[in-house]
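# Structural overview
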Amino acid sequence: MNNGTDKWDWGAVSDFMPHFWDGLLTTLQILALGSLISFSVGLVWALAFRAPSRFVRWPVGIITEFIRNTPLLVQLFFLFFVLPEWDIQFSALTTGIIAIGLHYSTYTAQVYRAGIEAVPAGQWEAATALSLPYRHTWTAVILPQAIRRVVPALGNYVIAMLKDTPLIASIGVLELLQRSRLQAAETFQYTEPLTVIGIAFILIAYPASLLIRALERRLVV
């Protein structure tokens, strides 16, 4: 423990590191699986927005607006505390992954939607002139061009998800923030563990942002 004159205790850092690696693994697991849900469900939302039937478009619009305009923390609590009352229950980690994935899917849906709308009308006309089946028009012509345009924007949401993973500590998931809080509660040393996880987030997010900029230069024309 700090003796009052030494403001930084490397021993506390050393004691925290085993917990840090466990928390980092959990955080990256949340990020990877949450991103997968966000990207896949977001694409489903985006395609549903273009459905010919308003009975598909309207419910999807209402659902996505509701999710996007309510706090992620409220959604976490709803999934974790309310659903079990209806006999629907997941582990805290699974609940966190689902919540963050669904929340950000409503944002990635708008990104996909913008990418699809940015595909030149001539591409649609060419597919029609070639009598391509509707499914092939989407999978071979429209989506490859749309996704190429939106990869950098999707990457920005991955970084946003990373910064929101500490919210999942609120339902007891032992990610980085929760690990640091537990360690600090045992030792009464908050500076070292919280500083370590802050640096960890920077070391993950900043290189990721540089990668996104590089992708933008290569993919966006």
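Residues numbered from 1 in each chain as written. Predicted model: local features only at pLDDT ≥ 70, side-chain atom pairs only at ≥ 80, totals over all residues. Heavy atoms only, no water.

What follows deals with the side chain of Thr 106. Residue placement: Thr 106 occurs in helix α4 (residues 92–118). Note on Thr 106: relative accessible area 0%, which makes it buried. Discounting chain neighbours no more than four positions away, the residues touching Thr 106 are Trp 45, Thr 64, Ile 67 and Arg 68. (Helix = DSSP H or I, 4+ residues; strand = E, 2+ residues; numbered from the N terminus. Buried < 20%, exposed > 50% of the residue type's maximum accessible area, 1.4 Å probe, protein only. Contact = heavy atoms within 4.5 Å.)

It is worth spelling out a nonpolar patch on the surface at this point. On the surface, Leu 73, Phe 77, Phe 81 and Leu 167 cluster together into a nonpolar patch covering about 320 Å² of accessible area. Relative to the helices and strands, Phe 81 is located in helix α3 (residues 72–82). (Patch = residues over 30% accessible without salt bridge, like charges linked within 9 Å, V, L, I, M, F, W, Y side chains within 5 Å. Areas by Shrake-Rupley, 256 points an atom, 1.4 Å probe, with all protein chains shown as cover. Salt bridge = Lys/Arg side-chain N within 4 Å of Asp/Glu carboxyl O.)

Time to look at helix α1 (residues 10–49). Most pronounced at Met 17, the bend in α1 amounts to some 40°, and the proline Pro 18 follows within four residues. In this structure Asp 9 caps α1, since a side-chain oxygen of it lies 2.8 Å from the backbone nitrogen of Gly 11. (Bend = angle between axes of the 7 residues up to and from the residue. Polar contact = N/O pair within 3.5 Å; in protein donor to acceptor, adjacent residues only side chain to side chain.)

Attention now goes to unusual backbone geometry. Positive phi, normally seen in glycine, also occurs at Asp 87, with a value near 60°. Position of Asp 87 among the secondary structure elements: in the loop between α3 and α4. Positive phi is not limited to glycine here, since Phe 188 has a value of about 60°. Note that Phe 188 resides in the loop between α7 (176–187) and α8 (191–219). Judged by its relative accessible area of 62%, Phe 188 is exposed.

This brings us to the packing of aromatic side chains. In this structure the tally under the stated criterion is 8 aromatic pairs. Ring centres 5.7 Å apart and planes at 35° place the aromatic pair Tyr 107 and Tyr 157 in the tilted group. Linking Tyr 107 in helix α4 with Tyr 157 in helix α6 (residues 134–164), this pair joins segments that are 50 residues apart in sequence. For Tyr 157, a relative accessible area of 24% translates into the label partly exposed. Each residue in the set Phe 16, Phe 20 and Trp 21 is aromatic and connected to the rest through ring pairs, giving one cluster. Here the guanidinium or amino end of Arg 113 rests over the ring plane of Phe 49, the centre of that ring lying 4.5 Å away. (Phe/Tyr/Trp six-rings, centres within 6.5 Å; stacked < 30°, edge-to-face > 60°. Lys NZ or Arg CZ within 6 Å of the ring centre and 35° of its normal.)

This part is about the environment of Ala 205. Along the chain, Ala 205 falls in helix α8. As for Ala 205 and Lys 163, which are separated by 42 residues in sequence, their C-alpha atoms are 8.4 Å apart. If near-sequence neighbours (up to four positions away) are discounted, Ala 205 is found in contact with Ile 159 and Leu 162.

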